[in-house]
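# Inside the fold
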Amino acid sequence: CNTVLDKEKDNVKALYRRASAHMQLQEYTEAIGDFKQVQRLEPGNKAAQAQMERCKKQIKTQENKEKKMYAGMLGSLSSPNDKPKTEKKSEETPQAAQP
């Protein structure tokens, strides 16, 4: 795809294929960029529009998973049950040296 796009930067078929490859690699932001370029060149391309929406949903899903993961990590750090228990020292009174 990149070889064709080096020669013809507006080749819709190559852009679509590269965007699809980006999706397979879970590189959704890059895929959206290519799908947007396909849309710019062919505004009626419904397949590109549908794939772009799919990418956006995948990005949101990924962000939500990360948010939950970080919230869980940070929540366990500040949980009162996870604090180390300190042992109570028995009160000892120092004995004064007797003359």
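The structure reproduced in this document is the subject of the present report.

Another aspect to go through is the overall build of the protein. On a plain count of helices and strands, the protein comes out with 4 helices and 0 strands. For the protein, the succession of helices and strands along the chain, N to C, is α-α-α-α. Surface accessibility of the protein: about 8,600 Å² in total, with carbon and sulfur atoms responsible for 51%.

Of all hydrophobic cores here, the largest spans 14 residues; its most connected members are Met23, Ala31, Phe35, Val38 and Cys55. For this core, the elements supplying multiple residues, two or more each, are helix 2 (12-24), helix 3 (28-41) and helix 4 (46-78). Not counting residues up to four positions away in its chain, the partners in contact with Cys55 are Met23, Tyr28, Ala31, Ile32 and Phe35.

Rules of the game
Residues numbered from 1 in each chain as written. Predicted model: local features only at pLDDT ≥ 70, side-chain atom pairs only at ≥ 80, totals over all residues. Heavy atoms only, no water. Helix = DSSP H or I, 4+ residues; strand = E, 2+ residues; numbered from the N terminus. Areas by Shrake-Rupley, 256 points an atom, 1.4 Å probe, with all protein chains shown as cover. Core = buried A, V, L, I, M, F, W, Y, C linked by side-chain atoms within 4.5 Å. Buried < 20%, exposed > 50% of the residue type's maximum accessible area, 1.4 Å probe, protein only. Contact = heavy atoms within 4.5 Å.

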